[in-house]
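Take a look at the letters that make up each chain.
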Amino acid sequence: MGKRRKTAILVALPAAVALLATGCGGGGGGAGGGDSNGAVSIYGTEPQHPLTPGNTNEQGGIRVVDELYAGLVGFDPTTAKPYNLMAESITPSSDAKVYDIKIKHGWKFHDGTEVKAHNFVDAWNYAALATNAQINADFFAQIQGYDEVHPEDPKAKPTAQTMSGLKVLGDYEFQATLRAPFSVFPVKVGYEGFDPLPDVFFKDPKGFESHPIGNGPMKFVSYVPNQDIQLTRFDGYQGQDAVHFKDVDIKTYSDLNAAYSDLKGGQLDFLDLMPPAALVGDTYKADLPGRTLNSSLIDIDAIAVPYYVPGYNNPDLRKAISMAIDRDGIIKQVLNNAYDAANSYFSPSLDGNVPNSCEYCKYDPDAAKSAFARSGFTGKLTIASNSDGGHKEALTAVCNSITKVLGVACDFVPQTSLGQFRSMITSHQATGMVRSDWSADYPSVEDFLNPIYKTGASSNDATYSNPQVDALLAQADSTADAAGAIKLYQQAEALIAKDLPNIPLWSEKGTAGYSSKLSAAKLSWKRQPDLPSFRLA
Amino acid sequence: MGRYVLRRLLQLIPVFLGTTFIIYTLVWAIPSDPFAGKCGQRPCPPEYVAKMRADFNLDDNLFVQYVKYLGKLFTGDFGQTFSGVKVGTLIADAYPITIRLAVIALVIEGVIGLVAGVLTGLRKNGFLDNLVLVATLFLISLPVFFTGYVLKVGFGISVSSTAPLGDLIVPGFVLGSLSMAYVARLTRTSIAENRRADFVRTAIAKGLPGSRVVGVHLLRNSVIPVVTFLGTDLGALMGGAIVTEGVFNIHGIGGLVFINIQQQQGVVVTGVVTLLVLVYLAMSLIVDLLYAVLDPRIRYE
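Procedures and definitions
Residues numbered from 1 in each chain as written. Chains lettered and ligands numbered in written order. Predicted model: local features only at pLDDT ≥ 70, side-chain atom pairs only at ≥ 80, totals over all residues. Heavy atoms only, no water. Buried < 20%, exposed > 50% of the residue type's maximum accessible area, 1.4 Å probe, protein only. Helix = DSSP H or I, 4+ residues; strand = E, 2+ residues; numbered from the N terminus. Pairing = 2+ DSSP bridges. Domains from an automatic or database assignment. Contact = heavy atoms within 4.5 Å. Buried area = accessible area lost by both parts, 1.4 Å probe. Salt bridge = Lys/Arg side-chain N within 4 Å of Asp/Glu carboxyl O. Polar contact = N/O pair within 3.5 Å; in protein donor to acceptor, adjacent residues only side chain to side chain. Nonpolar A, V, L, I, M, F, W, Y, C, P; charged D, E, K, R; others polar. Arc of directions from axis to C-beta. Disulfide = S-S within 2.5 Å. pLDDT = per-residue confidence, 0-100. Lys, Arg positive; Asp, Glu negative; His and termini not counted.

**Observations regarding the pairing of strand β18 (residues 502-514) of chain A**
Residue and element names in this part refer to chain A. By the criterion of burial, β18 is predominantly enclosed, with 12 of the 13 residues buried. Note: strand β11 (residues 270-271) against β18, 2 bridges, orientation antiparallel. Paired with L271 across the bridge in β18 is G513. Bridge analysis of strand β13 (residues 299-304) against β18 gives 4 bridges, and the strand direction is antiparallel. When the sheet's bridge partners are listed, I303 is paired in β18 with I503. Sheet topology places strand β14 (residues 339-341) next to β18; 3 bridges connect them, and they run antiparallel.

In structure tokens:
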């Protein structure tokens, strides 16, 4: 043993010297430049769930899961256009109900085993099975057989262990049959929850959580709770989103200001959002000369006007409120220009968005006043939200704007925590308007309609129900042609914009900064650092 | 003395049970579902919520929950967080950092505060006295987060995630600055008062050298209120310093409790606070015993 090691060193030494020599020679003229074996540190928050695809749904965890695993489809960080990552092809049937998925050969998990079709099917089945209690189970609801592995009634036992709609057709091919046609499925599989899992996971899921093994551009090194998560480059990675450095340290911060001053001081290399104080007067641009980024996040902030609140089932009142909000003024005065005023029900950077499709989203005090007079509404308006995270200031300004124009009293009602606030909404106990923000899970107009405006949908905070909208959405879902589907989604949006179940306010512009250690970086549409675009200076 | 210590230790048991029960009740009594906001704008799958509630005994009544928790605690199991991290690991990671920070803060406030207090107490109304008075007033009036940010930016301080001793000197100074001012003022008043006490006059009359009069007779008797203050302060410092830790991104016990109260992770909060209660009780016991060492008039029987 000892002897063999010695020879290994003897062989390795000249090789290393040779590598160093060539490294020195070629470094000056290299196209990309920079040290491809360097390390970077990025801002992070404590993951709320174990680091597996089926059980991660928040920013802190997604940041890590995105690097550890690679799914069928990837997205361009800026345009959010999908491209085939692990998928060789995703072929829909003519009715958009059956998808034949071929995956690329030779991709490996970090433990050396090859990624095969069954790794996807097994991972999806595991996430969907009710008894595994995975947080992303709902994402598989469109696959045939989901109702058997995940009965509607939470107390009922699943009658099957696997979804009948998933069939492995070979090592590199599988088929997904959906319960109903759904044309956005090839985009939806780009969501983290659809990433594959290696065979070792299924033997010991609990043990796997403490040392996750994925097929992504970076592999797991260590995780110290509340301190940091370290990943290192996986050299066997074959995807186009490989990284150009070696190690990343995802540092956990509980205070954004602390992270910002570390960024200024060069102790942190990337921060994906600026503290409010740094946005005032564009301070961050002076603090980080030439090292700031703007991206278009795919999200929309709105206020839902629940139909069950007495007096709120009144189209004129909805129009009056919407037209009484001076979105541009509030963005300028309260939100430090970090947002774009909403003029549609989609995020502006989304494919299929029609600018100004929400005709009542324009600030129009006179029209608002006459609509309010027609509505005959008496009493007080309220907007409820959890008050942390800067929501209080913005929504108070919205209320002030409404009061100024309509002369009706409007109060911001703070809630102590997001949990309390959300349970008030899901149990339909709101007594006024509520904050209803939405960030895309996957970049599609469908994700901005189905979960929010379909009758009985999971995030239908306004309890909106319009049979025409439901019919149009169903028709769009089953249209295999992407352009044709988008047209139908747009028609549904036009109807929603007349009813105003939610009142769109604004979309956030992403603002990020990086240290002088980096020469290039990007912020993705999900407000995640795009590690493949990082270049060390 | 031995009996006194024993009695004090026995008193710890009801205090321990009472505080843990109160803390446990308070954390779990927060009137909202800890899993309601876990999935952002979507509601969490009911199976997920049901499994978590079962895992954390949330469906039992409070008393049963508490007994189950206590049972585990006595076997050394602090439980785990919602994301499956052992609370024992969290404490083991955070506590050494907090202790290091607390000790540095205590040394800084003790040494600087005492020296300043003795010097000014002996030379009342001199230049130094006025300087210290103004300086301490200045420190007391500054909020900690202000001092923290100024020093952090001014010195370009960064604390690495393992928080070695050297990295913690400036944060320790920030943390101890306020108490340092109090220590200086307490010592000054106490010294000034005792300077005219009979036993000091006697010591001077006996012809003892000045250093001995001040160092032994005067200081030892004057330092009792200061020791009380330092003792309870150390207990408080061990409980973590949320603001200072936040400013310097130090991952100590204060931040741990703060984050977990927000996330309603009762297991973590109760585990850490239980430990803090024990530390605090031990600190106050040590302080009480120190009185007897410092002041020959105090005896514990």
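That was the structure; now back to the text.
**Regarding the domain arrangement of chain A**
Residue and element names in this part refer to chain A. Assigned domains within chain A: domain 1 (48-213), domain 2 (219-296 + 510-536) and domain 3 (299-509). If you average the C-alpha positions of domain 1 and of domain 3, the two centres end up 32 Å apart. Counting residues at the interface gives 15 residues for domain 1, matched by 14 residues for domain 3. When domain 1 packs against domain 3, close to 1100 Å² is buried across both sides, 66% of that on carbon and sulfur atoms. If you look at where domain 1 meets domain 3, you find 0 salt bridges. The interface formed by domain 1 and domain 3 includes 4 residue pairs in polar contact (both at pLDDT 80 or more). Here the residues of the side of domain 1 that touches domain 3 are counted per class, giving 9 nonpolar, 3 polar and 3 charged.

**Details of the interface of chain A and chain B**
Counting residues at the interface gives 47 residues for chain A, matched by 36 residues for chain B. Each partner contributes to the roughly 3400 Å² buried at the junction of chain A and chain B, and carbon and sulfur atoms together form 52% of this total. Considering only the side of chain A, the residues that lose the most area to chain B are Q48(A), N226(A) and Q227(A), jointly responsible for 16% of the buried surface there. Our enumeration of links across chain A and chain B arrives at 1 salt bridge. Taken together, the links from chain A to chain B amount to 8 residue pairs in polar contact (both at pLDDT 80 or more). Mapped onto the side of chain A that touches chain B, the elements with two or more residues apiece are β8 (218-224), α8 (256-264), α15 (418-426) and β17 (433-439) of chain A. Examining the composition of the side of chain A that touches chain B, we find that 6 residues originate from one element, α15(A), more than from any other.

**A word on helix α13 (residues 365-375) of chain A**
Residues and elements named next belong to chain A. When we look at burial in α13, the residues that qualify are A368, A371, F372 and S375. Buried residues in α13, looked at end-on, bunch into an arc of 100°, giving them a common side. Relative to its buried face, α13 has exposed residues pointing more than 90 degrees away, namely D366, A373 and R374. Buried residues belonging to α13 abut α11 (315-323) and α14 (391-406). Note on α13: the residue one or two positions beyond its end, G376, has a positive phi of about 65°.

**Quick word on the state of the cysteines**
The term disulfide refers to a covalent linkage connecting the sulfur atoms of a pair of cysteines. All names here are of chain A. Within the structure shown, the criterion is met by 2 disulfides over all chains. Between C399 and C410 runs a disulfide, and the two sulfur atoms are separated by 2.0 Å. Its torsion about the S-S bond being -60°, the disulfide of C399 and C410 is classed as left-handed. Here C399, found in helix α14, pairs with C410, found in strand β16 (residues 410-415); they are 11 residues apart in sequence, far enough to count as distant. Like C399, the residue C410 is buried in the burial classification. If you count the bonded cysteines of chain A from the N-terminus, they pair up as 1-2, 3-4.

**Here we look at the confidence of the model for chain B**
Considering every residue of chain B, the mean pLDDT works out to 84; 98% of them sit at 70 or more. Across the predicted assembly, pTM comes out at 0.81 and ipTM at 0.73.

**A closer look at the side chain of K251(A)**
Residues and elements named next belong to chain A. By secondary structure assignment, the location of K251 is in strand β10 (residues 247-252). No salt bridge is formed by the buried K251; the nearest opposite charge belongs to D262, separated by 4.9 Å. With residues near it in sequence (within four places) discarded, K251 still touches S41, I42, Y43, G44, Q227, D228, Q267 and L268.

**Let's talk about the pattern of salt bridges**
Residue and element names in this part refer to chain A. The tally for this structure, following the rule as stated, stands at 24 salt bridges over all chains. In this structure, the salt-bridge partner of D100 is K102, at a minimum N-O distance of 3.8 Å. You can call K102 partly exposed: its relative accessible area is 35%. For K517, the salt bridge identified is with D269, shortest N-O distance 3.7 Å. Pair noted here: K517 is in the loop between β18 and β19 (518-520) and D269 is in the loop between α8 and β11, with a separation of 248 residues, a long-range link. According to the relative accessible area criterion, K517 is partly exposed, its value standing at 40%. Taking the relative accessible area as the measure of exposure, D269 reaches 3% and is therefore buried. Residues joined in a network through salt bridges with shared partners are D66, E192 and K526.

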